[in-house]
Amino acid sequence: MSPATALLDRARAMPKPAKIVLWALFGVFLFALPLLNLPLISTPGADFGGVLFTVATYVLVALGLNIVVGYAGLLDLGYVGFYAVGAYTVGVLGSQHGSVPWLWAVPVAVVAALVSGVLLGAPTLRVRGDYLAIVTLGFGEIVRLTLVNSQWLGGAQGISNIPRPPGAELFDVPSIDWSTGAPIIDLGNTTTFLKFGITDQIPYYWLALAVILLVILFDHLVKSSRVGRAWEATREDEDAAELMGVPTFRFKLLAFALGACIGGLSGALFAGKAGFISPDSFQLLLSILFVAAVVVGGQGNRWGVILGAIVVSYFPERFREFADFRVLVFGLALMVLAVFRPQGLIPPRRAVRAKKVDERLDALEEGEARV
Amino acid sequence: MQYLIDNFFALTITGVTLGAVYALVALGYTLVYGVLRLINFAHSEVFMFGTFAALWVVMLLGGKGGASVGQVVFWVAMMFLAAMAMSGLIAILLERVAYRPLRKRHAPPLIALISAIGASFVLSETMGLRGKIAVWVGLDTTLAPYVGNARNNAGMPEIITPQPVFTIRDYAVTNVDIFVIIGAVAIMVLLDQFVKRSRLGRGIRAVAQDPESAALMGVNRDRVIQVTFLVGGVMAGAAAVFYMLKIGITRYDAGFILGVKAFTAAVLGGIGNLRGALLGGFVLGLAENYGSALVGTQWKDVVAFLLLVVILLFRPTGLLGESLGKARA
């Protein structure tokens, strides 16, 4: 047993109140992260609050995509389409063809993403896995090209002046300065609590973090319900599930729609923060990065995909020094990860168990475990 | 509509030329899918390396427009040789580095996609950073014409001057068009015969049908897979030469869109089916051209993908169905 798993086992054995306190402390730490400016973690080349917000949107997207890829086992290579639908709904309602405030536009964006998910899923979910991948990839491109070519949606110039989330200017929070080597509270560099402005990105990060917590809660509830079990059955063996009375098509569609919802929600958050969106923000490559986040982290395990999203979005920002070589190094990292952690960084416990059983069977058959 | 009718033959010829290139690249996807059941996402980069090999060999030999027939034939032959060798090599390397280690570890299928995405980034960025890499090894001045402006378009001299050979209703079919179409079809017929008749081809079909039984019957699976990648790479190399002759411009990221299109073509025809890839390529090339004539060039890609969705709705396994293994034995 490795030290990491030993530590995890000890953490699991702790009494419940201690666990709750630890989680709460961790939550506070996450919220305080942009103010702490921790050396090594903070990004010298880019605004740390902005980077954290980007990471948070990736985490949100990865959680949504995990429902589709990880739970229901449907390979979706066009997830950026839903992200774009969410962002553009806010943009169109709030700026291009109306002046709906951000907060009212978000539910509409989520519903719009849901509808697009059902519209795409209803005809296509009947085709088999690999075909679904190319159809969804096509969907992502169709959305982007429609955005580029439709003047009603702002065309290639995109939409600007998108309304920001409503906020209040309650009090100032100071940040911490490490330039002397020791932490000093820096009163000169403060963040106004919940002022959604242009320069200070930290409040957007807080908002995104709060949304992530809600989504995790939702994810937990759905995963451990009848629906979650139905997804698992469908993913493992669709025919067997159907025979056992699981309406697999309906559950796949549900996974698709829920995933789309969360994608739309993150798109709406992104639009509210950026204030400006254009088709360039929704390249096909982004879909591929999203899938990479889910698979690298460990599809089916929500903590795994969160870690995967952080890896995929944070490291390219952190290592801006290597500007030109970022993508190259990222590609190498993906290949190395694929070889050494084929189940993902944090695989679902079930997958680990299944693998152990497999190895035991192999050992029984062949006399030695496969390495 | 009127535009489509007026330019019907022009659109048809360009569509078929484009479709030939799609079809050749699609063969690589289809072969690998048939044998391994995985989408070789990095195949587009194999094609891209082929375009550069074709370009460099022409630069090396000092190719230019308006040369004698003998010279042109020599240049084109060298282009094929260089591009096929380069693409084949990259494809084999890819299999060795990105796929074989995963197979040995019995990794879940989706992880191969991640490895392929990683490999795709590495390959296209290596090409995009070739200037910087040349500086490291101290060859940047000697190789300046080859590695300079690594992130911009690289254009090729027009070694075959397009000349009208015959006209169909106002549209002059050029020698380049004819060469690309006939050449591509000839290569595909060769491949079809190879898979159908040769010993290695039989191995490929056996592994595609049932890998375990094939292994029990003495087929060396690793070797068959390697050959499959090699053949796919060589096809991509041929496609790269036709692409450079017809379009003449390439870039470190030129593979991506073409790869997506070629994969679409493979799925359209029925992935794993060689004749399907051929048909899918031509259908896609034609549909794109007719579609863009009907609704505007900017909607070209939308038409291509919508067509794919519609066809999959009615024929969920593509136009000809999937059957590398079940191909007429």
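Residues numbered from 1 in each chain as written. Chains lettered and ligands numbered in written order. Predicted model: local features only at pLDDT ≥ 70, side-chain atom pairs only at ≥ 80, totals over all residues.

Colleague: Mind laying out the overall build of chain B, listing which residues take part and the relevant values?
Modeller: The number of helices and strands found in chain B is 14 helices and 4 strands. Computed over the C-alpha atoms, the radius of gyration of chain B is 20 Å, within 12% of the 20 Å expected from 2.2 N^0.38 for a compact globule of 329 residues. A burial count over chain B gives 49% of its 329 residues as buried. Expressed as a percentage of contacts within chain B between residues at least 6 apart in sequence, the contacts between residues at least 24 apart total 75%. (Helix = DSSP H or I, 4+ residues; strand = E, 2+ residues; numbered from the N terminus. Rg over C-alpha atoms; globule rule 2.2 N^0.38 Å. Buried ≥ 20, exposed ≤ 12 C-beta atoms within 10 Å, placed from the backbone. Contact = placed C-beta atoms within 7 Å.)

Colleague: Can you explain the overall build of chain A? Please cite residues and give values.
Modeller: When helices and strands are tallied, chain A shows 14 helices and 2 strands. Computed over C-alpha atoms, the radius of gyration of chain A comes to 22 Å, within 12% of the 21 Å expected from 2.2 N^0.38 for 371 residues, which places it in the range of a compact globule. In terms of overall dimensions, chain A has C-alpha extents of about 70 × 55 × 45 Å along its principal axes. Here chain A, with 371 residues, has 44% of them falling under the buried criterion.

Colleague: Please set out the pairing of strand S3 (residues 171-174) of chain B residue by residue, giving values where relevant.
Modeller: Residue and element names in this part refer to chain B. By the bridge criterion, 4 bridges tie strand S2 (residues 164-168) to S3 in an arrangement that is antiparallel. Along S3, the bridge assignment pairs Phe166 with Val173. Between S2 and S3, which pair antiparallel and follow one another directly, the connecting turn spans 2 residues, one of which, Arg169, has a positive phi of 40°. (Pairing = 2+ DSSP bridges.)

Colleague: Any chance you could break down the nonpolar core for me, citing the residues and the numbers?
Modeller: Counting residues in hydrophobic clusters, the biggest one holds 213 residues, and the most contacted among them are A:Ala62, B:Ala23 and B:Leu24. Looking at this core element by element, the count peaks at 17 residues for helix H3 (residues 48-71) of chain A. Each residue touching B:Leu24, except ones within four places of it in the same chain, is listed here: B:Ala184, B:Ile187, B:Met235, B:Ala236, B:Ala238 and B:Ala239. (Core = buried A, V, L, I, M, F, W, Y, C linked by C-beta atoms within 7 Å.)

Colleague: Can you tell me about helix H8 (residues 175-197) of chain B, naming the residues and giving the values?
Modeller: All names here are of chain B. For H8, spanning 23 residues, the distance from its first C-alpha to its last is 32 Å, which sits close to the expected 33 Å at 1.5 Å a residue. Within the sequence span of H8, burial applies to Asp177, Val180, Ala184, Ile187, Met188, Leu191 and Val195. For H8, the secondary structure elements touched by its buried residues are helix H2 (8-36), S3, helix H9 (199-209), helix H11 (221-246) and helix H13 (274-295). (Expected span 1.5 Å × (residues − 1).)

Colleague: Give a description of the confidence of the model for chain A that names residues and reports values.
Modeller: Predicted confidence across chain A gives a mean pLDDT of 83, with 91% of residues reaching 70 or more. Averaged pLDDT values over the elements of chain A bottom out at 69 in strand S2 (residues 184-192) of chain A and peak at 91 in helix H10 (residues 248-274) of chain A. (pLDDT = per-residue confidence, 0-100.)

Colleague: Give a description of the packing of helix H7 (residues 202-223) of chain A against H10(A) that names residues and reports values.
Modeller: All names here are of chain A. One way to put it is that H7 packs onto H10 with a least axis distance of 11 Å and a crossing angle of 170°. The orientation of H7 with respect to H10, classified from their angle, is roughly antiparallel. Each of Tyr204, Ala208, Val211 and Val215 in H7 lies in contact with H10, whose residues at this interface are Ile262, Leu265, Leu269 and Lys273. Classifying every residue of the contact of H7 with H10 by side-chain character gives 7 nonpolar, no polar and 1 charged. (Axes fitted to C-alpha atoms, helices over the stretch in contact; angles between N-to-C directions. Parallel < 35°, antiparallel > 145°, perpendicular 65-115°, else oblique. Nonpolar A, V, L, I, M, F, W, Y, C, P; charged D, E, K, R; others polar.)

Colleague: Which residues make up the packing of helix H4 (residues 69-104) of chain B against H11(B), and what values go with them?
Modeller: Residue and element names in this part refer to chain B. H11 packs onto H4 with a crossing angle of 145° between their chain directions and a minimal axis gap of 7 Å. Crossing of H4 over H11 shows right-handed handedness. Contacts from Met79, Phe80, Ala83, Met84, Met86, Ser87, Gly88, Ile90, Ala91, Ile92, Leu94 and Glu95 in H4 reach Ile225, Gln226, Phe229, Leu230, Gly232, Gly233, Val234, Ala236, Gly237, Ala238, Ala240 and Val241 in H11. Here the contact of H4 with H11 is composed, by residue class, of 17 nonpolar, 6 polar and 1 charged. (Left-handed = near helix turned anticlockwise from the far one by under 90°.)

Colleague: Which residues make up unusual backbone geometry, and what values go with them?
Modeller: With a phi angle near 55°, A:Asn161 is a residue other than glycine that sits in the positive phi range. One can find A:Asn161 in the loop between helix H6 (129-149) and strand S1 (172-177).

Colleague: Could you give an account of the environment of A:Val215, naming the residues involved and the relevant values?
Modeller: Residues and elements named next belong to chain A. Considering the arrangement of structural elements, one finds Val215 in helix H7. For Val215, a count of 20 C-beta atoms within 10 Å corresponds to the buried category. It is 8.6 Å that separates the C-alpha atoms of Val215 and Gly64, two residues lying 151 residues apart in sequence.

Colleague: Please give an account of the interface of chain B and chain A that cites residues and values.
Modeller: Every contact between the two is made by 34 residues of chain B and, on the other side, 35 residues of chain A. If you list the elements that add at least two residues to the side of chain B that touches chain A, you get H4, helix H5 (109-128), helix H12 (254-269) and helix H14 (300-314) of chain B. Ranked by the residues each element gives to the side of chain B that touches chain A, the list is headed by H5(B), at 11 residues. Looking at the side of chain B that touches chain A residue by residue, the classes come out as 25 nonpolar, 5 polar and 4 charged.

Colleague: Could you give an account of the environment of B:Val173, naming the residues involved and the relevant values?
Modeller: All names here are of chain B. Residue position: Val173 is located in strand S3. For Val173 and Asp192, which are 19 residues apart along the polypeptide, the C-alpha to C-alpha distance reads 28 Å. Those residues within four positions of Val173 in sequence are excluded, and the remaining contacts are Ile13, Pro164, Val165, Phe166, Thr167, Ile168 and Ile178.

Colleague: Got a sec to walk through the environment of B:Ala119? Specific residues and values, please.
Modeller: Its place among the elements puts B:Ala119 in helix H5. For B:Ala119, a count of 27 C-beta atoms within 10 Å puts it in the buried group. Between the C-alpha atom of B:Ala119 and that of B:Val97, which follows or precedes it by 22 residues, the distance is 8.6 Å. In contact with B:Ala119, other than residues within four places in its own chain, are A:Gly331, A:Met335, B:Ala42, B:Leu94, B:Val97 and B:Ala98.

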